[in-house]
Amino acid sequence: MKVSELMTLLDAKCVTEGANLDAEISCGYSCDLLSWVLAHGKQGMAWCTVQTHVNVIAVSVLMEMACVILVEGVEAEEASLNKAIEEGMPVLSTTKTAYEVCGIMNKAGIAVPVE
Amino acid sequence: MANNLFVDSYDVASGAFQTAGDASASIKRKLKQLGIDAVTLRRVAVASYEAELNLIIHSNGGNLIMEMSPEEVLLISKDVGPGIPDISKALEEGYSTASEEARDLGFGAGMGLPNMKRNADTFDIESQVGEGTTIKMGFTIKR
Ligand SMILES: Nc1ncnc2c1ncn2[C@@H]1O[C@H](COP(=O)(O)OP(=O)(O)OP(=O)(O)O)[C@@H](O)[C@H]1O
Ligand SMILES: [Mg+2]
């Protein structure tokens, strides 16, 4: 599934201009502890979090993720948005909880990350 | 290490959260340019990010050094203190002395050192309280 298709399913908006919404999603994940994400992150991952600071973008770029999903309407810091735009990392925003987002991704057939 | 192709060093300041990850991103970019395989690249990227963040969160400042030879990547994190009193405890998953500020940003899971150890082929840590900590990690390049 492409990022753009997931956006429709989640009723989410993309808050980073010019990001690649055609990127293919390989798997889904939710976690707010960055070392944990570094241990389980995968290329093409769609990652849900309530963390909004610039290190979220650093981790997602390092892991070559497909997108970051900010849940429950949390707003990204300006530094994060600037870095995400610079790196071409799509940041999606939704009012849904991580639980709901994961439920939708799971139902849509997005895989669990495999080690 | 004799016969190095490439040596790179970065200063990492204590508390530099806003630029956190820049050194690791730069190391990753350079290794990619040097044509390293994707699996090794990912392992180095995770370990360098964890080492960089530990320098920012826990140390009084230090250096992240990357050396690449045809056979391996060597990653060295070296700081000027405060040192780790109990290394075996620090290596346990879940052990963390991260500040409230760092925890609010999603650090402090106590997974950084275990992540480094798991991703590196060789892992060596030396620390002296009042002196500093040096971590050396080797990554064998896949051919
Ligand atoms: N360079 C360092 N200087 C001093 N103490 C350190 C250093 N690196 C690690 N430590 C100590 O070791 C502990 C464990 O480090 P580790 O990276 O595993 O976890 P963390 O940094 O606390 O959390 P996480 O990495 O999951 O965000 C730290 O909480 C800290 O007490
Ligand atoms: Mg750490």
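Summarised in this report is the structure supplied together with it. Note that the structure is predicted; figures quoted are calculated from it, not measured. Per-chain numbering applies: the sequence of each chain, read as written, is numbered from 1 onward. Each chain takes a letter, starting from A, and each ligand takes a number, starting from 1, following the order in which they are written. For a predicted model such as this one, the threshold for reporting local features is a pLDDT of at least 70, and the threshold for listing and counting side-chain atom pairs is 80 or more; totals across whole chains, interfaces and linings nevertheless cover every residue. As a convention, hydrogens and water are excluded, and side-chain values are obtained from all of the structure's heavy atoms.

## Digging into helix H4 (residues 78–87) of chain A
Residue and element names in this part refer to chain A.
For step 1, the next point in the chain: Those residues of H4 lying buried are Ser80, Lys83 and Ala84. Buried residues of H4 fall within an arc of 100° about the axis and therefore sit on the same side. Seen from the open side of H4, the exposed residues pointing more than 90 degrees away from its buried face are Glu78 and Glu86.
For step 2, the next point in the chain: The positive-phi residue at the C-terminal boundary of H4 is Gly88, with phi of around 70°. Exposure classes here rest on a 1.4 Å probe applied to the protein chains alone. A residue is buried below 20% of its type maximum, exposed above 50%, and partly exposed in between. Segments assigned H or I by DSSP are reported as helices when at least four residues long, segments assigned E as strands when at least two residues long, and all are numbered from the N terminus. Regarding the arc, it is the one traced by the directions from the helix axis to the C-beta atoms.

## So, the interface of chain B and chain A
Interfaces are often sized by the accessible area lost when the parts come together.
For step 1, the next point in the chain: Here, two residues are considered to be in contact whenever any of their heavy atoms come within 4.5 Å of each other. Between chain B and chain A, the contact holds 22 residues from the first and 23 residues from the second.
For step 2, the next point in the chain: Once two parts are brought into contact, the accessible area they lose, counted with a 1.4 Å probe and summed over both, makes up the buried area. When the buried surface of chain B facing chain A is broken down by residue, Arg42, Tyr49 and Leu105 of chain B rank first, second and third, together holding 29% of it.
For step 3, the next point in the chain: Salt bridge, as used here, is a side-chain nitrogen of Lys or Arg placed within 4 Å of a carboxyl oxygen of Asp or Glu. Inspection of the region where chain B meets chain A yields 3 salt bridges.
For step 4, the next point in the chain: Across the pair Lys32 of chain B and Glu64 of chain A runs a salt bridge whose closest N-O atoms are separated by 3.6 Å.
For step 5, the next point in the chain: Within 3.5 Å is the distance limit for a polar contact, defined as a pair of N or O atoms, with the added protein rule that one can donate a hydrogen and the other accept it, and that residues adjacent in sequence qualify only through two side-chain atoms. The tally of links between chain B and chain A comes to 10 residue pairs in polar contact (both at pLDDT 80 or more).
For step 6, the next point in the chain: Contributions of two or more residues to the side of chain B that touches chain A are made by helix H1 (22–33), helix H2 (38–58) and helix H5 (112–119) of chain B.
For step 7, the next point in the chain: In terms of residues, the side of chain B that touches chain A owes the most to one element, H2 of chain B, which gives 6 residues.
For step 8, the next point in the chain: Here the residues of the side of chain B that touches chain A are counted per class, giving 11 nonpolar, 4 polar and 7 charged. Ten residues, namely Ala, Val, Leu, Ile, Met, Phe, Trp, Tyr, Cys and Pro, are considered nonpolar, four, namely Asp, Glu, Lys and Arg, are considered charged, and the remaining ones, Gly among them, are considered polar.

## Observations regarding the sheet that holds strand S1 (residues 6–12) of chain B
Pairing between the strands of a sheet is mediated by backbone hydrogen bonds and can be parallel or antiparallel.
All names here are of chain B.
For step 1, the next point in the chain: Ordered in space as S1-S2-S3-S5-S4, the 5 strands form an open sheet in which the pairing is antiparallel. Both edges of this open sheet fall to S1 and strand S4 (122–128), since each of them pairs with a single strand only. Averaged over all pairs of adjacent strands, the angle between their axes in this sheet comes to 10°, without regard to strand direction.
For step 2, the next point in the chain: Any two strands are treated as partners once DSSP identifies two or more bridges connecting them. As paired strands, S1 and strand S2 (residues 62–68) are joined by 7 bridges and run antiparallel to one another. Orientation is described by lines fitted to C-alpha atoms, with helices fitted over the stretch in contact, and by angles between N-to-C directions that extend from 0 to 180 degrees.

## Section: the environment of Val114 of chain A
Residue and element names in this part refer to chain A.
For step 1, the next point in the chain: Mapped onto the secondary structure, Val114 falls in the segment after helix H5 (98–107).
For step 2, the next point in the chain: Using a relative accessible area of 65% as the deciding quantity, one classes Val114 as exposed.
For step 3, the next point in the chain: Sequence separation of Val114 and Gly28 is 86 residues, and the distance between their C-alpha atoms is 10 Å.

## As for the environment of Glu86 of chain A
For step 1, the next point in the chain: By secondary structure assignment, the location of Glu86 of chain A is in helix H4.
For step 2, the next point in the chain: Separated by 67 residues in the primary sequence, Glu86 of chain A and Ala19 of chain A place their C-alpha atoms 9.2 Å from one another.

## Details of the pairing of strand S5 (residues 132–140) of chain B
For step 1, the next point in the chain: Counted residue by residue, S5 of chain B has 7 buried out of 9 residues, so it is predominantly covered.
For step 2, the next point in the chain: Between S4 of chain B and S5 of chain B, which follow one another and run antiparallel, lie 3 residues, and Gly130 of chain B among them has a positive phi close to 90°.

## Some words on the pattern of salt bridges
Oppositely charged side chains are able to pair whenever their charged atoms sit close together.
For step 1, the next point in the chain: A full pass over the atoms with the stated rule returns 6 salt bridges over all chains.
For step 2, the next point in the chain: Residue Lys83 of chain A is joined to Asp22 of chain B by a salt bridge in which the shortest nitrogen-to-oxygen separation is 3.3 Å. Note that Lys83 of chain A is positioned in helix H4 and Asp22 of chain B in helix H1, a pairing that runs across two chains.
For step 3, the next point in the chain: Here Asp22 of chain B falls in the partly exposed class, since its relative accessible area comes to 35%.
For step 4, the next point in the chain: Ionic contacts of the salt-bridge type, sharing partners, join the residues Glu64 of chain A together with Lys28 and Lys32 of chain B into one network.

## Here's the deal with the site of ligand 1
For step 1, the next point in the chain: Near residues are defined by distance, with any heavy atom within 4 Å of the molecule or strand qualifying the residue. As a matter of local geometry, ligand 1 sits amid 20 residues, with Ser35 of chain A together with His58, Ser96, Thr97 and Gly108 of chain B nearest to it.
For step 2, the next point in the chain: A distance of 2.5 Å separates an oxygen atom of ligand 1 from a polar side-chain atom of Ser96 of chain B.
For step 3, the next point in the chain: Within the backbone of Ala109 of chain B, one N or O atom sits 3.1 Å away from an oxygen atom of ligand 1.
For step 4, the next point in the chain: When isolated, ligand 1 has an accessible area of 600 Å², and the protein chains bury 96% of it.
For step 5, the next point in the chain: Among the secondary structure elements, those contributing two or more residues to the shell around ligand 1 are H2 and H5 of chain B.
For step 6, the next point in the chain: Class assignment for the residues of the shell around ligand 1 results in 8 nonpolar, 10 polar and 2 charged. Calculation of accessible area relied on Shrake-Rupley with a 1.4 Å probe; when residues are assessed, cover is drawn exclusively from the protein chains displayed.

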